[in-house]
Amino acid sequence: MMGKKSILAALIGCTMAASAGVQATTLKLSHNQDTSTPVHQAMKLLAKRAKALSDGELKIRIYPNAQLGSQRESLELVQNGALDMAKSNAAELEAFAKAYSAFNMPYLFTDRDHYYRALESDLGREILNSSADNGFIGVTYYDAGARSFYSSKPITSPDDLKGMKVRVQPSPTAVSMVKNLGGNPTPLAFGELYTALQQGVVDAAENNIPSMTLNRHSEVVKYFSLDEHTMVPDVLVISTASWNKLSDMEREALTQAAAESMQEMKTIWAEAEVAERQSAEKTGVEFVEVDKAPFQQAVEPMYTELKEKDADLYQLVEGLRKL
Ligand code: GCU
């Protein structure tokens, strides 16, 4: 982890340092995952393609492992223009732009194809654009698979969650989901989760398989229960201030590079899920098939509640659900 001084040094000259003589633009991109993760691979490709498509003019420098702060801190820096880009996800973004909460509704998508139809739809694009006046713009989504519960015991029905402290992302929808399922939601930053699981501060977590193994949570849990309650995409965002400073050519290069890396991520992700499941099994994690019906029933009231509380958001959710 970078000290406060080096974080400051990294951010000084940000945003968009133009090197002397050359009309180069360097965008700084922060994220909270390790360099071994699929999303880091996808963003390395993004940087490579952005550079090639702009004839070397547009560079993206990636800071992984929350070196520049947690996901939330990075988003705040992006929002006020102190950092150019961040990779976040739709759960964390819920606190910054309401439309993203649609993705956090459990059992919204029937399968991976449905998920992709949504990410590539006009509605998906509208969500990415919805925060432009709020300091940042969504550039693209990246596949982050399906999220399931993992713990030292199998969770095969909502009853198993009774009395369990379950780490969730800082997302009101995720909090509500775990409450509806009967568990005790505990919002925590991702970087704190390994220790929290190890020391019993929380009894369970929920995520995709690569996030569990590549952050070594698989060393401290025994069961991954495949209830697949949500499919929450990762989201690459850029500060509105940085976007406005890009030339037309740079914007085109970034947009094109993002689209290409999103497509590549489909394969990168699918391969990583298979490989990381094998690696989890090797460390002794057991994968448990789960009947999803009781989980679905338990969270159904969230849809009725949303319909009563927020008609616009409900309409967006239904729009995605029917794609
Ligand atoms: C996934 C996601 C991250 C997020 C993490 C979490 O790994 O890709 O963006 O921080 O879940 O549960 O916090």
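Residues numbered from 1 in each chain as written. Predicted model: local features only at pLDDT ≥ 70, side-chain atom pairs only at ≥ 80, totals over all residues. Heavy atoms only, no water.

Draft legend 1. A look at the packing of aromatic side chains. Across all of its chains, the model carries seven aromatic pairs by this definition. With 5.8 Å between their ring centres and 50° between their planes, tyrosine 115 and tyrosine 116 make a pair best called tilted. Using a relative accessible area of 0% as the deciding quantity, one classes tyrosine 115 as buried. The class of tyrosine 116 is buried, set by a relative accessible area of 8%. (Phe/Tyr/Trp six-rings, centres within 6.5 Å; stacked < 30°, edge-to-face > 60°. Buried < 20%, exposed > 50% of the residue type's maximum accessible area, 1.4 Å probe, protein only.)

Draft legend 2. Inspection of the site of the ligand at higher detail. The environment of the ligand is made up of Asn32, Gln33, Gln71, Lys87, Asn89, Arg147, Arg167, Gln169, Phe190, Asn207, Ser211 and Asp234. Glutamine 71 is positioned such that a nitrogen or oxygen atom in its side chain is 2.7 Å from an oxygen atom of the ligand. Here an oxygen atom of the ligand sits 2.8 Å away from a polar atom, N or O, in the side chain of arginine 147. Grouping the amino acids of the shell around the ligand by side-chain chemistry returns one nonpolar, seven polar and four charged. If you count residues domain by domain, the shell around the ligand takes at least three from each of domain 1 (4-97 + 113-140 + 234-274) and domain 2 (147-231 + 276-321). (Near = heavy atom within 4 Å. Polar contact = N/O pair within 3.5 Å; in protein donor to acceptor, adjacent residues only side chain to side chain. Nonpolar A, V, L, I, M, F, W, Y, C, P; charged D, E, K, R; others polar. Domains from an automatic or database assignment.)

Draft legend 3. Fine view of the nonpolar core. Of all hydrophobic cores here, the largest spans 59 residues; its most connected members are Tyr100, Phe103 and Phe136. In terms of residue count, the dominant contributor to this core is helix α12 (residues 293-309) (six residues). Looking at this core, you find at least three residues from each of domain 1 (4-97 + 113-140 + 234-274) and domain 2 (147-231 + 276-321). The next biggest cluster of nonpolar side chains, apart from the first, holds 23 residues, and it includes Leu29, Ala42, Ala47 and Leu254. (Core = buried A, V, L, I, M, F, W, Y, C linked by side-chain atoms within 4.5 Å. Helix = DSSP H or I, 4+ residues; strand = E, 2+ residues; numbered from the N terminus.)

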